[in-house]
Amino acid sequence: MGKIIGVANQKGGVGKTTTAVNMTCALHLLKKSVLLVDADPQGNATSAMGVDKNKVKAGTYEVLMGEDSAEAVVRTKYGDLMPSNRALAGALIELVDMDGREYILKTVLEKLKESYDYIIIDCPPSLELLTLNALVASETVLVPVQCEYFALEGLSDLMSTVRLIRRKLNPGLDIEGVVLTMFDSRTNLSMQVAAEVKKFFKDKVMRTVIPRNVRLSEAPSHGKPVMAYDYASRGSQAYLALARELLERNGRGVK
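A.B. asks: Help me understand the environment of L109, please; the structure alone is not making it clear to me.
C.D. replies: Among the structural elements, L109 can be located in helix α5 (residues 104-112). In this structure L109 comes out as buried when scored by relative accessible area, which is 0%. Each C-alpha atom, one on L109 and one on S69, is 8.6 Å from the other, the two residues being 40 residues apart in sequence. If sequence neighbours within four positions are ignored, L109 has contacts with I4, V37, M82, I119, I121 and A137.

A.B. asks: Could you clarify how one ought to interpret the side chain of T17 in this entry?
C.D. replies: Its place among the elements puts T17 in helix α1 (residues 16-29). Within the structure, T17 has its side chain in polar contact with the side chain of K16 (distance 3.5 Å).

A.B. asks: Help me understand the nonpolar core, please; the structure alone is not making it clear to me.
C.D. replies: A general trend in soluble globular proteins is that nonpolar side chains are found buried together. Counting 51 residues, the largest nonpolar core has M82, L109, I121 and V197 as the members making the most contacts within it. Residue contributions to this core peak at seven residues, all from helix α6 (residues 129-137). In this structure V197 touches V145, L152, L155, V178, L180, K202 and V205, once residues within four positions along its chain are discounted. Ranked by size, the runner-up nonpolar core spans 35 residues in total, among them V179, M206, A238 and Y239.

A.B. asks: Explanation requested: the pairing of strand β4 (residues 79-82) in the structure shown.
C.D. replies: Side-chain direction in a regular strand flips from residue to residue, so the side chains alternate between the two faces of the sheet. The pairing of strand β2 (residues 34-38) with β4 spans three bridges and is parallel. Residue L35 lies in a different strand from β4, and its bridge partner there is D80. Pairing of strand β3 (residues 74-76) with β4 involves three bridges; the strand directions are antiparallel. Residue pairing in the sheet places T76 in a bridge with G79 of β4. Turn length for the β3-β4 hairpin, with the two strands adjacent in sequence and antiparallel, is two residues.

A.B. asks: Help me out: how do you make sense of the packing of aromatic side chains in this one?
C.D. replies: Here the structure, examined in full by the defined rule, presents one aromatic pair. Aromatic pair F200 and F201: ring centres 4.8 Å apart, planes at 80°, arrangement edge-to-face. Of the residues examined, F200 reaches a relative accessible area of 58% and is grouped as exposed. Residue classification places F201 among the buried residues on the basis of a relative accessible area of 9%.

A.B. asks: What exactly am I supposed to notice about the packing of α5 against α6 here?
C.D. replies: Each pair of packed helices can be described by the angle between their axes along with the distance between the axes. Where α5 contacts α6, the axes come no closer than 7 Å and their chain directions differ by 40°. Judged on the interaxial angle alone, α6 and α5 are oblique. Taken as a pair, α5 and α6 cross one another with a handedness that is right-handed. Contacts from I104, L105, K106 and L109 of α5 reach α6 at N133, A134, V136 and A137. Broken down by class, the residue content of the contact of α5 with α6 amounts to six nonpolar, one polar and one charged.

Thresholds applied
Residues numbered from 1 in each chain as written. Predicted model: local features only at pLDDT ≥ 70, side-chain atom pairs only at ≥ 80, totals over all residues. Heavy atoms only, no water. Helix = DSSP H or I, 4+ residues; strand = E, 2+ residues; numbered from the N terminus. Buried < 20%, exposed > 50% of the residue type's maximum accessible area, 1.4 Å probe, protein only. Contact = heavy atoms within 4.5 Å. Polar contact = N/O pair within 3.5 Å; in protein donor to acceptor, adjacent residues only side chain to side chain. Core = buried A, V, L, I, M, F, W, Y, C linked by side-chain atoms within 4.5 Å. Pairing = 2+ DSSP bridges. Phe/Tyr/Trp six-rings, centres within 6.5 Å; stacked < 30°, edge-to-face > 60°. Axes fitted to C-alpha atoms, helices over the stretch in contact; angles between N-to-C directions. Parallel < 35°, antiparallel > 145°, perpendicular 65-115°, else oblique. Left-handed = near helix turned anticlockwise from the far one by under 90°. Nonpolar A, V, L, I, M, F, W, Y, C, P; charged D, E, K, R; others polar.

What follows is the structure in C-alpha coordinates.
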(Lines give C-alpha, C1' and ligand atoms only; values in the text may rest on other atoms or scores of the structure.)
Protein backbone atom coordinates (compact mmCIF):
# COMPACT_ATOMS: atom_id res chain seq x y z
CA MET A 1 0.00 0.00 0.00
CA GLY A 2 1.38 3.37 -0.99
CA LYS A 3 1.95 6.49 1.08
CA ILE A 4 0.49 9.90 0.19
CA ILE A 5 2.79 12.86 0.82
CA GLY A 6 1.76 16.46 0.28
CA VAL A 7 4.50 18.96 -0.59
CA ALA A 8 3.32 22.22 0.92
CA ASN A 9 4.28 25.68 2.06
CA GLN A 10 1.89 28.64 2.06
CA LYS A 11 4.77 30.91 1.09
CA GLY A 12 5.49 30.96 -2.64
CA GLY A 13 8.91 30.70 -4.23
CA VAL A 14 10.37 28.23 -1.75
CA GLY A 15 11.01 25.37 -4.17
CA LYS A 16 7.75 23.53 -3.53
CA THR A 17 7.03 22.47 -7.11
CA THR A 18 10.74 21.87 -7.76
CA THR A 19 10.76 19.52 -4.77
CA ALA A 20 7.57 17.70 -5.79
CA VAL A 21 8.75 17.14 -9.37
CA ASN A 22 12.30 16.12 -8.56
CA MET A 23 11.32 13.86 -5.67
CA THR A 24 8.91 12.11 -8.04
CA CYS A 25 11.65 11.60 -10.62
CA ALA A 26 14.22 10.56 -8.01
CA LEU A 27 11.90 7.95 -6.50
CA HIS A 28 11.13 6.69 -10.01
CA LEU A 29 14.87 6.33 -10.69
CA LEU A 30 15.20 4.44 -7.40
CA LYS A 31 12.72 1.88 -8.77
CA LYS A 32 9.68 3.02 -6.80
CA SER A 33 6.29 3.35 -8.44
CA VAL A 34 5.23 6.96 -7.96
CA LEU A 35 2.36 9.26 -8.95
CA LEU A 36 2.67 13.04 -8.91
CA VAL A 37 -0.65 14.84 -8.43
CA ASP A 38 -0.53 18.44 -9.65
CA ALA A 39 -3.07 20.23 -7.45
CA ASP A 40 -1.96 23.73 -8.43
CA PRO A 41 -3.97 25.53 -11.17
CA GLN A 42 -0.72 27.07 -12.46
CA GLY A 43 0.21 23.60 -13.72
CA ASN A 44 3.94 24.17 -13.28
CA ALA A 45 4.55 20.61 -12.09
CA THR A 46 2.75 19.32 -15.19
CA SER A 47 5.02 21.34 -17.49
CA ALA A 48 8.14 20.32 -15.56
CA MET A 49 7.23 16.66 -16.12
CA GLY A 50 7.26 17.25 -19.89
CA VAL A 51 3.48 17.39 -20.38
CA ASP A 52 1.86 20.26 -22.31
CA LYS A 53 -0.71 21.60 -19.83
CA ASN A 54 -2.64 23.25 -22.66
CA LYS A 55 -3.33 19.84 -24.21
CA VAL A 56 -4.43 18.05 -21.03
CA LYS A 57 -7.69 16.18 -21.69
CA ALA A 58 -8.22 14.93 -18.14
CA GLY A 59 -6.44 15.62 -14.88
CA THR A 60 -6.93 16.79 -11.30
CA TYR A 61 -9.86 19.06 -12.21
CA GLU A 62 -11.81 16.24 -13.87
CA VAL A 63 -11.10 13.92 -10.94
CA LEU A 64 -12.44 16.49 -8.47
CA MET A 65 -15.53 16.81 -10.63
CA GLY A 66 -16.17 13.07 -10.34
CA GLU A 67 -14.69 11.65 -13.54
CA ASP A 68 -12.75 8.36 -13.71
CA SER A 69 -9.32 8.80 -12.11
CA ALA A 70 -7.74 6.21 -14.42
CA GLU A 71 -8.39 8.50 -17.39
CA ALA A 72 -6.58 11.34 -15.61
CA VAL A 73 -3.20 9.62 -15.13
CA VAL A 74 -0.49 10.27 -17.72
CA ARG A 75 2.54 8.00 -18.02
CA THR A 76 5.81 9.92 -18.35
CA LYS A 77 9.49 8.94 -18.44
CA TYR A 78 9.85 10.35 -14.93
CA GLY A 79 6.90 8.72 -13.17
CA ASP A 80 3.11 8.91 -13.48
CA LEU A 81 1.34 12.26 -13.42
CA MET A 82 -2.16 13.53 -12.70
CA PRO A 83 -1.84 16.81 -14.61
CA SER A 84 -3.31 20.24 -14.04
CA ASN A 85 -4.01 23.44 -15.95
CA ARG A 86 -6.02 26.63 -15.54
CA ALA A 87 -9.30 24.67 -15.58
CA LEU A 88 -8.48 23.62 -12.01
CA ALA A 89 -9.04 27.19 -10.85
CA GLY A 90 -12.72 26.63 -11.63
CA ALA A 91 -12.83 23.88 -9.03
CA LEU A 92 -12.53 26.51 -6.30
CA ILE A 93 -16.00 27.75 -7.21
CA GLU A 94 -17.57 24.40 -8.14
CA LEU A 95 -16.41 22.60 -4.99
CA VAL A 96 -18.05 25.09 -2.64
CA ASP A 97 -21.53 23.59 -2.96
CA MET A 98 -20.46 19.93 -2.96
CA ASP A 99 -21.10 17.64 0.01
CA GLY A 100 -17.89 16.48 1.70
CA ARG A 101 -15.94 18.85 -0.53
CA GLU A 102 -12.74 18.64 1.55
CA TYR A 103 -12.58 14.83 1.13
CA ILE A 104 -13.01 14.43 -2.63
CA LEU A 105 -9.31 14.08 -3.50
CA LYS A 106 -8.76 11.76 -0.54
CA THR A 107 -11.50 9.42 -1.76
CA VAL A 108 -9.91 9.26 -5.22
CA LEU A 109 -6.31 8.78 -4.05
CA GLU A 110 -7.22 6.10 -1.50
CA LYS A 111 -8.31 3.97 -4.45
CA LEU A 112 -5.05 4.64 -6.31
CA LYS A 113 -2.78 3.93 -3.32
CA GLU A 114 -2.65 0.22 -4.05
CA SER A 115 -0.99 0.90 -7.41
CA TYR A 116 1.89 3.04 -6.10
CA ASP A 117 4.64 3.08 -3.52
CA TYR A 118 4.27 6.85 -3.19
CA ILE A 119 1.78 9.50 -4.26
CA ILE A 120 3.23 13.02 -4.15
CA ILE A 121 0.86 16.01 -4.19
CA ASP A 122 2.10 19.41 -5.33
CA CYS A 123 -0.09 21.73 -3.25
CA PRO A 124 -1.06 25.30 -4.19
CA PRO A 125 0.81 28.03 -2.24
CA SER A 126 -2.34 29.39 -0.58
CA LEU A 127 -4.92 28.11 1.87
CA GLU A 128 -8.13 27.35 -0.03
CA LEU A 129 -10.25 24.32 -0.99
CA LEU A 130 -7.61 22.78 -3.27
CA THR A 131 -4.99 22.96 -0.53
CA LEU A 132 -7.45 21.58 2.01
CA ASN A 133 -8.26 18.68 -0.33
CA ALA A 134 -4.55 17.97 -0.78
CA LEU A 135 -3.74 18.06 2.94
CA VAL A 136 -6.80 16.01 3.92
CA ALA A 137 -5.72 13.40 1.36
CA SER A 138 -2.12 13.38 2.63
CA GLU A 139 -0.74 11.18 5.37
CA THR A 140 2.28 13.42 5.83
CA VAL A 141 3.55 16.80 4.64
CA LEU A 142 7.01 17.46 3.21
CA VAL A 143 7.80 21.14 3.78
CA PRO A 144 10.38 22.94 1.64
CA VAL A 145 11.84 25.98 3.42
CA GLN A 146 13.89 28.53 1.55
CA CYS A 147 16.92 29.73 3.48
CA GLU A 148 15.96 33.40 3.56
CA TYR A 149 14.68 36.03 5.97
CA PHE A 150 10.91 35.43 5.82
CA ALA A 151 11.14 31.64 5.78
CA LEU A 152 10.19 31.12 9.41
CA GLU A 153 7.14 33.35 9.06
CA GLY A 154 5.79 31.17 6.24
CA LEU A 155 6.61 28.06 8.23
CA SER A 156 4.62 29.36 11.19
CA ASP A 157 1.58 29.93 8.95
CA LEU A 158 1.81 26.39 7.56
CA MET A 159 2.06 24.82 11.01
CA SER A 160 -1.07 26.71 12.08
CA THR A 161 -2.84 25.25 9.02
CA VAL A 162 -1.61 21.72 9.79
CA ARG A 163 -2.85 22.00 13.38
CA LEU A 164 -6.25 23.23 12.16
CA ILE A 165 -6.58 20.37 9.66
CA ARG A 166 -5.55 17.83 12.31
CA ARG A 167 -8.21 19.17 14.64
CA LYS A 168 -11.05 19.38 12.12
CA LEU A 169 -10.44 17.13 9.11
CA ASN A 170 -7.42 14.81 9.21
CA PRO A 171 -6.27 13.86 12.72
CA GLY A 172 -3.52 11.58 11.38
CA LEU A 173 -1.71 14.29 9.40
CA ASP A 174 1.98 14.44 10.34
CA ILE A 175 5.11 16.24 9.20
CA GLU A 176 7.17 13.98 6.92
CA GLY A 177 10.11 16.32 7.08
CA VAL A 178 11.33 19.86 6.57
CA VAL A 179 13.68 20.38 3.60
CA LEU A 180 16.06 23.32 3.49
CA THR A 181 16.11 24.65 -0.10
CA MET A 182 18.20 27.24 -1.97
CA PHE A 183 20.88 26.73 0.67
CA ASP A 184 24.14 28.65 0.30
CA SER A 185 26.72 27.64 2.87
CA ARG A 186 28.76 30.77 2.07
CA THR A 187 26.12 33.07 3.61
CA ASN A 188 25.46 33.66 7.28
CA LEU A 189 21.75 33.96 6.55
CA SER A 190 21.46 30.39 5.21
CA MET A 191 23.31 29.09 8.26
CA GLN A 192 21.12 31.12 10.64
CA VAL A 193 17.85 29.99 9.03
CA ALA A 194 19.04 26.37 9.10
CA ALA A 195 19.91 26.67 12.79
CA GLU A 196 16.50 28.19 13.64
CA VAL A 197 14.58 25.54 11.70
CA LYS A 198 16.56 22.73 13.37
CA LYS A 199 15.98 24.28 16.79
CA PHE A 200 12.21 24.21 16.24
CA PHE A 201 11.74 20.97 14.26
CA LYS A 202 14.70 18.95 15.58
CA ASP A 203 14.83 15.48 13.94
CA LYS A 204 12.05 16.38 11.48
CA VAL A 205 14.59 18.41 9.50
CA MET A 206 15.99 16.32 6.67
CA ARG A 207 19.76 15.84 6.71
CA THR A 208 19.91 16.49 2.97
CA VAL A 209 19.85 20.16 2.00
CA ILE A 210 19.07 21.42 -1.50
CA PRO A 211 21.69 23.90 -2.71
CA ARG A 212 21.08 27.01 -4.74
CA ASN A 213 21.80 25.59 -8.20
CA VAL A 214 21.44 27.05 -11.71
CA ARG A 215 20.56 23.66 -13.22
CA LEU A 216 17.56 23.34 -10.91
CA SER A 217 16.28 26.68 -12.20
CA GLU A 218 16.90 25.82 -15.85
CA ALA A 219 15.42 22.32 -15.95
CA PRO A 220 11.67 23.27 -15.91
CA SER A 221 12.06 25.45 -19.01
CA HIS A 222 13.19 22.31 -20.84
CA GLY A 223 10.19 20.30 -19.57
CA LYS A 224 12.40 18.00 -17.52
CA PRO A 225 13.21 17.19 -13.90
CA VAL A 226 16.80 18.14 -13.10
CA MET A 227 17.96 14.50 -13.20
CA ALA A 228 16.96 14.26 -16.85
CA TYR A 229 18.42 17.69 -17.63
CA ASP A 230 21.80 17.37 -15.89
CA TYR A 231 22.17 14.20 -13.84
CA ALA A 232 25.62 15.15 -12.52
CA SER A 233 24.58 18.58 -11.23
CA ARG A 234 24.59 19.38 -7.51
CA GLY A 235 20.83 19.91 -7.56
CA SER A 236 20.21 16.52 -9.16
CA GLN A 237 22.43 14.67 -6.72
CA ALA A 238 20.84 16.50 -3.78
CA TYR A 239 17.33 15.39 -4.73
CA LEU A 240 18.50 11.81 -5.26
CA ALA A 241 20.04 11.91 -1.77
CA LEU A 242 16.81 13.38 -0.37
CA ALA A 243 14.77 10.58 -1.97
CA ARG A 244 17.10 7.98 -0.46
CA GLU A 245 16.75 9.65 2.94
CA LEU A 246 12.96 9.64 2.65
CA LEU A 247 12.99 5.91 1.80
CA GLU A 248 15.32 5.25 4.72
CA ARG A 249 13.04 7.14 7.13
CA ASN A 250 10.10 5.08 5.90
CA GLY A 251 11.97 1.79 6.28
CA ARG A 252 12.16 1.32 2.51
CA GLY A 253 15.81 2.13 1.91
CA VAL A 254 17.60 1.24 -1.31
CA LYS A 255 20.70 -0.89 -1.41
